[in-house]
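Descriptive analysis of the structure
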Amino acid sequence: MNNVIHSKLDSLASRIVASNDFREEDEDDDDAIFAELEAEIENDADAAVRDRGLEQLRLEMQRAKEMRENAHGRYMEITNEKEAIRISANEPHCVIHFYHSNFRRCEIMDKHLAKLAPKYYATRFIRVFVENMPWLVEKLAIKVLPCLMCFIDGVSKDRLIGFEELGNNDAFETAVLELRLANSGVLQKARNAYESGVTYNVSSSSNTRKLRRGEQTDQDDDEFDL
């Protein structure tokens, strides 16, 4: 398929999300994007390209709308534990940031994840306050914050604890986090959303209940007992 058209199809979903940041229910922008791409495909000299391109365009448009309705492309907070469990179980690719409002490094992590969410439209990015998630925190044996859990097809495949793997520096670049998450296979752009990459297995164990600030494994990451 024409490389220009192929590139436009790849960016279709993210463009829908970007336009959605400035509106609520108006579908005119979506229709305009579709019409622009449709016209470019129909003007291609190759009949096979036209047929395949139009079919793929419609499929991508439908999938992009469905994902947008499910909050893809946005980094958002989930306060209900059952909803967080549902998302981790049902989304093909999902990153969950377990945070505490008192921990400075959690705020830093939020800023980077907010940049990645629109870029990797087929991966769901959410943040959850640990005090609202007692069962999940216990089940996943989360003890140090910030903690990112990576889920693929409902299974926890990887976790990133603190900043140690990010250079143990508060000023790390978003690209460093991006590369680390890419190695887990959890980052997916709009197309090929259901293909997974390299994964790492993690074990989960149980622990217990009340959140408190405790000892630190390095200078700034925050450890807590449950």
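Going by the structure above, here's the rest.
Quick summary incoming for the structure in this document.

Rules of the game
- Residues numbered from 1 in each chain as written.
- Predicted model: local features only at pLDDT ≥ 70, side-chain atom pairs only at ≥ 80, totals over all residues.
- Heavy atoms only, no water.
- Helix = DSSP H or I, 4+ residues; strand = E, 2+ residues; numbered from the N terminus.
- Buried < 20%, exposed > 50% of the residue type's maximum accessible area, 1.4 Å probe, protein only.
- Contact = heavy atoms within 4.5 Å.
- Pairing = 2+ DSSP bridges.
- Phe/Tyr/Trp six-rings, centres within 6.5 Å; stacked < 30°, edge-to-face > 60°.
- Lys NZ or Arg CZ within 6 Å of the ring centre and 35° of its normal.
- Core = buried A, V, L, I, M, F, W, Y, C linked by side-chain atoms within 4.5 Å.

A closer look at the overall build of the chain
Scanning the chain from N- to C-terminus turns up 7 helices and 7 strands. Mapped from its N terminus to its C terminus, the chain presents α and β elements in the order α-α-α-β-α-β-α-β-α-β-β-β-α-β. Taking all 226 residues of the chain together, the buried fraction comes to 49%. Within the chain, contacts between residues at least 6 apart in sequence are counted, and of these 71% link residues at least 24 apart.

Some details on the environment of cysteine 150
Along the chain, cysteine 150 falls in strand S5 (residues 147-152). Between the alpha carbons of cysteine 150 and leucine 181 there is a distance of 8.0 Å; along the sequence they are 31 residues apart. Among residues more than four places away in sequence, those in contact with cysteine 150 are Cys94, Val155, Ser156, Lys157, Asp158, Leu181, Ser184 and Val186.

Quick look at the pairing of S5
Here S5 lies mainly inside the structure; 6 of its 6 residues are buried. Covered by surrounding structure in S5 are Cys147, Met149 and Phe151 together with Leu148, Cys150 and Ile152, the residues of both alternating faces. In this sheet, S5 lies alongside strand S2 (residues 93-99) in antiparallel orientation, the contact comprising 6 bridges. Looking across to S5, one finds that phenylalanine 98 is bridged to cysteine 147. Note: S5 against strand S6 (residues 155-161), 6 bridges, orientation antiparallel. Opposite leucine 148, over in S6, you have leucine 160 as the bridge partner. Between S5 and S6, which pair antiparallel one after the other, the connecting turn spans 2 residues, and aspartate 153 there sits at a positive phi close to 55°.

A closer look at the packing of aromatic side chains
Taken as a whole and assessed by the stated rule, the structure comprises 2 aromatic pairs. Between phenylalanine 163 and phenylalanine 172 the ring centres are 5.0 Å apart and the planes differ by 85°, which places this aromatic pair in the edge-to-face class. Each member of the pair phenylalanine 163 and phenylalanine 172 is classed as buried. Here the guanidinium or amino end of arginine 127 rests over the ring plane of tyrosine 99, the centre of that ring lying 3.8 Å away.

Side note on the nonpolar core
Judged by nonpolar contacts, the single largest core of 22 residues is most densely connected at Phe98, Val128, Ile142 and Leu145. Every element with two or more residues in this core is listed here: helix H4 (81-90), S2, strand S3 (124-129), helix H6 (134-139) and S5. By size, the runner-up hydrophobic cluster in this structure holds 20 residues, among which are Phe125, Leu160, Val186 and Leu187.

Concerning the environment of lysine 82
Of note, lysine 82 is situated in helix H4. Once the C-alpha coordinates of lysine 82 and tryptophan 135 are considered, the two residues, 53 residues apart in sequence, prove to be 9.6 Å apart.

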